[in-house]
Amino acid sequence: MKGEEGDVAQSGYTAIIVAAGRGERAGGSTPKQLRVLAGKPVLAWSAERFARDAACRQLIIVTAPELADSVTSCLQTLSVEAMLVNGGATRGASVRAGLDAATEDRVLIHDAARPLLSATLIDRLLAGLEHADGAAPALPVADALVSLSDTVTPVDRTPLRRVQTPQAFHTQVLRRAFGQSGWDAFPDEVSLARTHGLDVVLVEGEERNFKLTWPDDFARAEALINRTGPMAMTITGQGYDVHRLAPGDGLMLCGIRIDCPLRLVGHSDADAGLHALTDAVLGAAGAGDIGQHFPPSDPQWAGASSDRFLLHALKLADEAGVTPLHADITLICERPKIGPNRDAMRARIAELLGLELQRVNIKATTTEGLGFTGRGEGLAAQAVFTGRLEPRDG
Ligand code: CTP
Ligand code: MG
């Protein structure tokens, strides 16, 4: 939800997460969307995924009224902003309630019970939506199938697909389908849309994006998140950046505004802290450097807010199977003073990386008056980023 005009993603979408079910098949005293999965509530995983996507301009969470307080406190802990809407008795009714509150031209409707969707899946859906009314993730069926309708009869699995969420639609088109009678009888938006003759493309789904349905599914999801097999390993990247200091009326550093009689000189907002961190993330992703992705010669990056660079690098890291674990940044300057701004920088970077505060560290040092930093001519920043590298299938 960090989007602005002219962002990396050209236009935005509304994400609707439906979380108003009872989770009866999963059992337990807490509804499955609020059960803790590898350290945070199930709902938090997908809410964070959308909140960190630059193209997500509005996040709607559809919940049961009695769960609203728990959902609100979960979002506050994560610093994720979302609109809460009361759900209905069926999944369809909950989707419809969310749809009524959507403000963007495109909607992505997602089950809270699918915590492990990736950023690239969202990209595939948005690309699919460019030439269709709707787009949904789907996977082939591996097991042999039989029908029990009469006797045990084999079913050809070749043309069958398992359909997941998010399901992406042009908002007005989907609203029209929901305006027709019988809308409540459909298990998902693809089946409703197809009944009304809308054209829906299927994009490649993800095994990780399975729906928590039965009690054993939680252990499977935790195993996927905490995978420690021979293929899993930590990976690091490092980054370094320098920008010139000049008299001015304030500057951006590590994603926050610092009021001081200085400015940082550069083509974008010249936030050397975020640039060093972006390069560190790109390093871990094996994706080159910031100049390759955002050339200073390209006018669209003039004055750009550097959080966009970092979010883009995180998306590339995600594609490469890298999940953030930790970031350590050193700022080298005489001025501005870092101490009074350290907590705000740490909080902002933790938010951008989707990490807890303890996993982000900001250090500052001077160079004892020596060199360009010592003379106050410039500010340098170094960053080390650590992530977990893991295979993304199965
Ligand atoms: N959902 C909803 N409103 C409903 C029913 C379901 O928002 N009235 C949401 C669920 O919270 C879930 C998603 O739809 O995120 C997919 O539904 P399902 O897996 O069936 O979840 P539950 O209905 O909660 O589970 P169960 O059917 O086992 O009770
Ligand atoms: Mg259900």
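Residues numbered from 1 in each chain as written. Chains lettered and ligands numbered in written order. Predicted model: local features only at pLDDT ≥ 70, side-chain atom pairs only at ≥ 80, totals over all residues. Heavy atoms only, no water.

Draft legend 1. Molecular detail of the overall build of the chain. Tallying secondary structure elements over the chain gives 12 helices and 19 strands in all. In terms of overall size, the chain behaves like a compact globule, its C-alpha atoms giving a radius of gyration of 23 Å where 394 residues would be expected to give roughly 21 Å. Referenced to the eigenvectors of the C-alpha coordinate spread, the extents of the chain come out at roughly 85 × 45 × 40 Å. Burial analysis of the chain (394 residues in total) assigns 52% to the buried set. Within the chain, contacts between residues separated by at least 24 positions form 72% of all contacts whose residues are at least 6 apart in sequence. Mean positive and mean negative side-chain charge positions of the chain (39 and 49 charges, respectively) differ by 2 Å. (Helix = DSSP H or I, 4+ residues; strand = E, 2+ residues; numbered from the N terminus. Rg over C-alpha atoms; globule rule 2.2 N^0.38 Å. Buried < 20%, exposed > 50% of the residue type's maximum accessible area, 1.4 Å probe, protein only. Contact = heavy atoms within 4.5 Å. Lys, Arg positive; Asp, Glu negative; His and termini not counted. Charge placed at Lys NZ, Arg CZ, Asp CG, Glu CD.)

Draft legend 2. Structural detail: the packing of helix α10 (residues 307–319) against helix α11 (residues 342–353). The interhelical angle for the contact between α10 and α11, taken along N-to-C directions, is 40°, at an axis separation of 10 Å. You can see that α10 and α11 cross each other, and the crossing is right-handed. Facing Asp307, Leu310, Leu311 and Leu314 of α10, the residues of α11 in contact are Arg348, Leu352 and Leu353. Residue classes in the contact of α10 with α11 are distributed as five nonpolar, no polar and two charged. (Axes fitted to C-alpha atoms, helices over the stretch in contact; angles between N-to-C directions. Left-handed = near helix turned anticlockwise from the far one by under 90°. Nonpolar A, V, L, I, M, F, W, Y, C, P; charged D, E, K, R; others polar.)

Draft legend 3. Structural context of the site of ligand 1. Inspection of the region around ligand 1 gives 19 residues, with Gly23, Glu24, Lys32, Ser94 and Lys211 positioned closest. Separating an oxygen atom of ligand 1 from a side-chain N or O atom of Lys211 is a distance of 2.7 Å. Protein contacts shield 87% of the accessible area of ligand 1, which totals 560 Å² for the unbound molecule. At the level of elements, β1 (13–19) and α3 (91–100) are the ones that each hand at least two residues to the shell around ligand 1. Classifying every residue of the shell around ligand 1 by side-chain character gives six nonpolar, six polar and seven charged. (Near = heavy atom within 4 Å. Polar contact = N/O pair within 3.5 Å; in protein donor to acceptor, adjacent residues only side chain to side chain. Areas by Shrake-Rupley, 256 points an atom, 1.4 Å probe, with all protein chains shown as cover.)

Draft legend 4. Representation of the side chain of Ser118 within the structure. As for its position among the elements, Ser118 is in the loop between β6 (106–111) and α4 (119–129). Overall, the relative accessible area of 6% leaves Ser118 in the buried class. Engagement of the side chain of Ser118 in a polar contact is seen with the side chain of Thr120, the distance being 3.0 Å. Not counting residues within four places of it along the chain, the set of residues in contact with Ser118 comprises Arg49, Glu206 and Asp318.

Draft legend 5. View of the packing of aromatic side chains. Evaluated as defined, the whole model comprises five aromatic pairs. Each member of the aromatic cluster is reached from another via a ring pair, and the members are Phe294, Trp301 and Phe309. Above the ring of Phe218, the side-chain terminus of Arg35 is found at 3.7 Å from the ring centroid. The ring of Phe210 carries the charged tip of Arg220 above its face, separated from the ring centre by 3.8 Å. (Phe/Tyr/Trp six-rings, centres within 6.5 Å; stacked < 30°, edge-to-face > 60°. Lys NZ or Arg CZ within 6 Å of the ring centre and 35° of its normal.)

Draft legend 6. View of the pattern of salt bridges. Within this structure, the stated rule accounts for 15 salt bridges. The residue Asp123 makes a salt bridge to Lys315 at a minimum N-O spacing of 3.0 Å. Taken together, the residues span a long stretch of sequence, with Asp123 in helix α4 and Lys315 in helix α10 at a distance of 192 residues. Its relative accessible area of 26% is what places Asp123 among the partly exposed residues. Residue Asp259 pairs with Arg257 through a salt bridge whose shortest N-O separation is 3.8 Å. One network of salt bridges, with partners in common, ties together Arg91, Asp111, Arg114 and Glu189. (Salt bridge = Lys/Arg side-chain N within 4 Å of Asp/Glu carboxyl O.)

Draft legend 7. Spotlight on a nonpolar patch on the surface. On the surface, Val146, Leu148 and Val152 cluster together into a nonpolar patch covering about 310 Å² of accessible area. Within the element layout of this structure, Val152 appears in the loop between β8 (145–147) and β9 (153–155). (Patch = residues over 30% accessible without salt bridge, like charges linked within 9 Å, V, L, I, M, F, W, Y side chains within 5 Å.)

Draft legend 8. Region of the structure containing helix α2 (residues 68–78). Within α2, the full set of buried residues consists of Ala68, Val71, Cys74, Leu75 and Leu78. One face of α2 carries all of its buried residues, which in axial projection span an arc of 125°. Turned more than 90 degrees from where α2 packs its buried face, Asp69, Gln76 and Thr77 sit exposed. Downstream of α2 by one or two residues, Ser79 has phi in the positive range, about 55°. (Arc of directions from axis to C-beta.)

Draft legend 9. Region of interest: unusual backbone geometry. The omega angle of the peptide bond from Thr165 to Pro166 is 5°, so this bond is cis rather than trans. Its place among the elements puts Pro166 in the loop between β10 (161–163) and β11 (167–170). Omega for the peptide link from Arg335 to Pro336 comes to -5°, which places this bond in the cis form. With respect to the element layout, Pro336 can be found in the loop between β17 (322–332) and α11. A positive phi is found at Cys254, a non-glycine position, where the angle reads about 50°. Looking at where Cys254 falls in the secondary structure, it is placed in the loop between β14 (251–253) and β15 (256–258). Positive phi, normally seen in glycine, also occurs at Glu368, with a value near 55°. The residue Glu368 is located in the loop between β18 (360–365) and α12 (371–374) in this model. Taking relative accessible area as the criterion, Glu368 reaches 71% and is therefore assigned exposed.

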